[in-house]
Amino acid sequence: MSDEFDRDRLDAALAAVEDWPVDNVSAAVVGPEGLLAVRGDEDRVYRLASVTKPIVAVAALLAVEEEAISLDEAAGPEGSTVRHLLAHASGLDFSDRGKVRAGPGERRIYSSAGFEVLADHIADATGIAFPDYLTEAVCQPLGMGSTVLEGSAGHGASASLADLVAFATELVAPRLLAPETLEEAVNEQFRGLDGVVPGYGMHKPCPWGLGFELREAKYPHWTGQHNSPGTFGHFGQSGTLLWVQPEIETALVVLTDRDFGDWAKPLWPELSDRVVDAATRRSRPEDSLGG
């Protein structure tokens, strides 16, 4: 079997977004060298909501590589570390930075507030306002010219599809991050913790990496049943999603202008399954010969 992606099948799989009940949608399938298939306006800027978190996480990981911070230094509530904040294990409330709901490492409490605390910690360590650090560390090197963080580091970024394609390419085949850094980031942190995936309820356990949600055996889920347990990514309440399946070196990015809700719950997994199936069946030599 060839290592080449069948772009026609990927394009046909992605065409499903054209029937979604949204005003605007931009979607792409991404491989190790970048764009494989696209639908919609690549330059339209969308609110990312919680798809902000993986971008912020990569900035934090680069700060670790630069030794500006370390994963296991104190940050957040008493006993918490940078690692706890990235893995939603600090005990902080979802949105209230002053409210601690559990001890560090006791529960997986999904927390945008934790990412705000993390951003402030990085700003203090580097002497650079975090939105500027994000731009300098992540956006400029990856050519993400439309990406802006305004407000919360947990959900306040906006970006175009073209920018998210560049970001997803980095997650499929890291060039900015050290591969071993990304590998640690997509492995479960604080193994076995129970927690809630917003919109999908309690999972026991609820695996999470360093800023990335891990698919593992979660069900129901916003990715598809054909996505592997090793799939990682994030979705946003603004109707956005990004996942990477390392085994097939493939990422899916979808940006919409309709908030996440019941409309998305069947459509996102269906699209994910179509893309996985198309990416898994690579071009075969006999296909080009009509065999």
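Parameters and conventions
- Residues numbered from 1 in each chain as written.
- Predicted model: local features only at pLDDT ≥ 70, side-chain atom pairs only at ≥ 80, totals over all residues.
- Heavy atoms only, no water.
- UniProt positions renumbered as here; feature names shortened; annotations may be inferred.
- Helix = DSSP H or I, 4+ residues; strand = E, 2+ residues; numbered from the N terminus.
- Buried < 20%, exposed > 50% of the residue type's maximum accessible area, 1.4 Å probe, protein only.
- Pairing = 2+ DSSP bridges.
- Contact = heavy atoms within 4.5 Å.
- 1 Å grid on protein atoms, 1.4 Å probe; cavity = no way out; pocket = protein on both sides within 12 Å on 5 of 7 lines; lining within 4 Å.
- Points joined across faces, edges and corners; volume = space filled by probe spheres on them.
- Nonpolar A, V, L, I, M, F, W, Y, C, P; charged D, E, K, R; others polar.
- Expected span 1.5 Å × (residues − 1).
- Core = buried A, V, L, I, M, F, W, Y, C linked by side-chain atoms within 4.5 Å.

- Identification of the protein as Serine hydrolase domain-containing protein from Dietzia cercidiphylli is taken from an unreviewed UniProt entry.

1. Digging into the UniProt feature "domain: Beta-lactamase-related" (unreviewed entry) in the protein
Consideration 1: Within this structure's numbering, the places UniProt gives as "domain: Beta-lactamase-related" (unreviewed entry) are residues 41–262.
Consideration 2: Helix makes up 30% of residues 41–262 and strand 16%, with an end-to-end C-alpha separation of 24 Å.

2. Some remarks on the pairing of strand β1 (residues 25–31)
Consideration 1: When you tally the buried positions in β1, you get seven out of seven residues, the bulk of the element.
Consideration 2: Sheet topology note: the β1/strand β11 (residues 250–256) ladder contains six bridges and is antiparallel. Bridged to V29 within β11 is L252.
Consideration 3: In terms of strand pairing, β1 meets strand β2 (residues 34–39) through five bridges, oriented antiparallel. By the bridge assignment, A27 is partnered in β2 with R39.
Consideration 4: The antiparallel pairing of β1 with β2 creates a hairpin that spans two residues between the two strands.

3. Section: the side chain of S112
Consideration 1: In this fold, S112 is placed in helix α4 (residues 112–126).
Consideration 2: A residue is classified by how much of its surface remains accessible, and S112, at 3% relative accessible area, is buried.
Consideration 3: Sequence-distant contacts of S112, that is, excluding residues within four places in its chain, are made with K53, F94, S152, G154 and H155.

4. Details of the layout of surface pockets
Consideration 1: Estimated volume of the largest pocket: approximately 190 Å³.
Consideration 2: As for the largest pocket, its lining consists of 17 residues, and the residues nearest its centre are S50, F94, Y110, P198 and Q237.
Consideration 3: Ranked by residues supplied to the lining of the largest pocket, first place goes to strand β9 (residues 232–236) with three residues.
Consideration 4: Residue classes in the lining of the largest pocket are distributed as seven nonpolar, seven polar and three charged.

5. Points about helix α6 (residues 161–172)
Consideration 1: Between the first and last C-alpha of α6 there are 16 Å, a value that for twelve residues agrees with the 16 Å anticipated at 1.5 Å per step.
Consideration 2: In terms of burial, α6 is a largely internal element, eleven of the twelve residues being buried.
Consideration 3: Burial in α6 covers these residues: L161, D163, L164, V165, A166, F167, A168, T169, E170, L171 and V172.

6. Let's talk about the sheet that holds β11
Consideration 1: The six strands are arranged β2-β1-β11-β10-β9-β8 in an open sheet whose pairing can be described as antiparallel. Bordering the open sheet on either side are β2 and β8 (213–214), each of which pairs with just one other strand.
Consideration 2: Relative to β9, β8 runs antiparallel, the two sharing two bridges. Pairing of L214 across the sheet is with F232, part of β9.

7. Structural notes on the sheet that holds strand β5 (residues 157–160)
Consideration 1: Taken in spatial order, the three strands line up as β3-β5-β4 in an open sheet, and their pairing is antiparallel. Single-partner strands in this sheet number two, and they are β3 (45–47) and β4 (148–149).
Consideration 2: The sheet contact formed by β4 and β5 spans two bridges and is antiparallel. Looking across to β5, one finds that L149 is bridged to A157.

8. Topic: the side chain of H203
Consideration 1: In this fold, H203 is placed in strand β7 (residues 201–203).
Consideration 2: The class of H203 is buried, set by a relative accessible area of 4%.
Consideration 3: Excluding residues within four positions of it along the chain, H203 makes contact with D194, G195, V197, K218, Y219 and P220.

9. A short note on the nonpolar core
Consideration 1: Ranked by size, the top nonpolar core spans 58 residues in total, and within it L86, F130, V138, F167, L171 and L242 carry the most contacts.
Consideration 2: A per-element tally of this core places helix α2 (residues 52–65) first, with nine residues.
Consideration 3: Residues in contact with L86, not counting those within four places in the same chain, are A57, A60, L71, F115, L118, W208, G209, L210 and G211.
Consideration 4: Formed by 33 residues, the second largest nonpolar core is a distinct cluster that contains F260, V275, V276 and A279.

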